[in-house]
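# Close look at the chain arrangement
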Amino acid sequence: MKNIKARWLLPAMVLLLTACSKMDDTYRQFLDGGEIIYTGKVDFLEVFPGKNRVLLSWYLVSDPKITMCRVYWNQRRDSTEVAVKRTGGTDTIRLILDKLPENIYTFQVYTYDNAGHSSVKEEAIGNAYGDAYISTLSNRPVRAAKYDAAKNEATIWWFGVNNQVQYVEVLYTNSAGMETKVVQRADSVPENPRDPLEFRASLKLPNYKAGTSFRFRTAYKPVKIAIDTFYTAYETRAVQ
């Protein structure tokens, strides 16, 4: 029995030693040049969407040796570099990437020092919006528009508004024949004070020239942090 165990044990030990030797050779090839050095990675990477562009923002907190950042996107087919001059504290880097086709992008940011050492990647996802998004937008619908001769003013009554709407811009002719612009924003306090401000259901146009029409358009942001505002086409409405 002892001889049988010995015959099985010896080949097993040889295989184990061979495997360990191969693993040592595998790791040794990565250490031939010495210890691997990484630069400090970026912190708080954010993507702010815009119209066929984005704004990237990140912090450099550690590693004063950083001299450059490189950004990849479009599955690493596109990239750009940002020269860095550290101040000794926390530095904020902002980069606008424009001429982007409308799409969802994954952005990868690396730091580098003068010796070519790089950091591990920091990654964030964001949108570039364009014509496809704009085609989904519509003007705030008008319920009615009436002129009050006694007050020399017109009043627009609206239907509800999308929560992406930033404001409604109205252009009309005043009694002196001059074009006047009025911008209506959310300024009504809701029943629950924790909710955001609401748009009022009506808008008065003072000193309105009787018999004329008004034009209006609606401004949107797909998200609050968007760097661009998107507009509907102007729409013309008559006043009764």
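Cut-offs and rules
- Residues numbered from 1 in each chain as written.
- Predicted model: local features only at pLDDT ≥ 70, side-chain atom pairs only at ≥ 80, totals over all residues.
- Heavy atoms only, no water.
- Helix = DSSP H or I, 4+ residues; strand = E, 2+ residues; numbered from the N terminus.
- Areas by Shrake-Rupley, 256 points an atom, 1.4 Å probe, with all protein chains shown as cover.
- Core = buried A, V, L, I, M, F, W, Y, C linked by side-chain atoms within 4.5 Å.
- Buried < 20%, exposed > 50% of the residue type's maximum accessible area, 1.4 Å probe, protein only.
- Contact = heavy atoms within 4.5 Å.
- Pairing = 2+ DSSP bridges.
- Axes fitted to C-alpha atoms, helices over the stretch in contact; angles between N-to-C directions.
- Phe/Tyr/Trp six-rings, centres within 6.5 Å; stacked < 30°, edge-to-face > 60°.
- Lys NZ or Arg CZ within 6 Å of the ring centre and 35° of its normal.

The protein is annotated in an unreviewed UniProt entry as DUF4998 domain-containing protein from Chitinophaga oryzae.

This paragraph deals with the overall build of the protein. Of regular secondary structure, the protein possesses two helices and 15 strands. By element, 53% of the accessible surface of the protein is carried by carbon and sulfur atoms, the whole surface being about 15500 Å².

Bringing the nonpolar core into the picture now. Val54, Leu56, Trp58, Leu60, Val71, Leu97 and Phe107 are the most contacted members of the largest nonpolar core, which totals 22 residues. Taken together, the elements giving at least two residues each to this core come down to strand S1 (43-51), strand S2 (53-60), strand S3 (66-73), strand S5 (91-98), strand S6 (103-113) and strand S7 (122-129). Excluding its chain neighbours within four sequence positions, the residues that come into contact with Leu56 are Glu46, Val47, Val71, Ile93, Arg94, Leu95, Leu97 and Phe107. In terms of nonpolar packing, the next biggest core, distinct from the first, is built from 15 residues, Ala154, Val170, Phe214 and Val239 among them.

Below, the discussion takes up the pairing of S7. Two strands pair when backbone bridges link them, and S1 and S7 are joined in this way by two bridges, in the parallel orientation. Counted as the bridge partner of Gly50 is Ala128 from S7. Where S6 meets S7, seven bridges bridge the pair, whose relative direction is antiparallel. By the bridge assignment for S7, Ile104 is matched with Asn127.

Our next topic: the pairing of strand S12 (residues 202-206). In S12, alternate side chains face the same way, and those of Leu203 and Leu205 are buried while those of Ser202, Lys204 and Pro206 on the opposite face are not. Sheet topology places strand S9 (residues 153-158) next to S12; five bridges connect them, and they run antiparallel. Bridging from a neighbouring strand, Ala154 pairs with Leu205 of S12.

Moving on to the sheet that holds S12. Taken together, three strands build an open sheet; the order of strands is S8-S9-S12 and the sheet is antiparallel. This sheet does not close on itself; its edge strands, each paired only once, are strand S8 (142-148) and S12. Along the sheet, successive strands turn relative to each other by an average axial angle of 15°, direction set aside.

The final tally for this structure, using the stated rule, is eleven aromatic pairs. Between Tyr167 and Tyr231 the ring centres are 6.2 Å apart and the planes differ by 65°, which places this aromatic pair in the edge-to-face class. Taken together, the positions of Tyr167 in strand S10 (residues 165-173) and Tyr231 in strand S14 (residues 230-231) put the pair 64 residues apart, joining distant regions of the chain. Residue Tyr231 is classed as partly exposed on the basis of its relative accessible area of 28%. Here a set of aromatic residues connected by ring pairs shows up, and it is made of Tyr129, Tyr133 and Phe230. In this structure, Arg70 is placed above the aromatic ring of Tyr112, and the distance from its NZ or CZ to the ring centre is 4.6 Å. For the cation-ring pair, Arg76 lies above Tyr72, with the distance from its terminal atom to the ring centre recorded as 4.0 Å.

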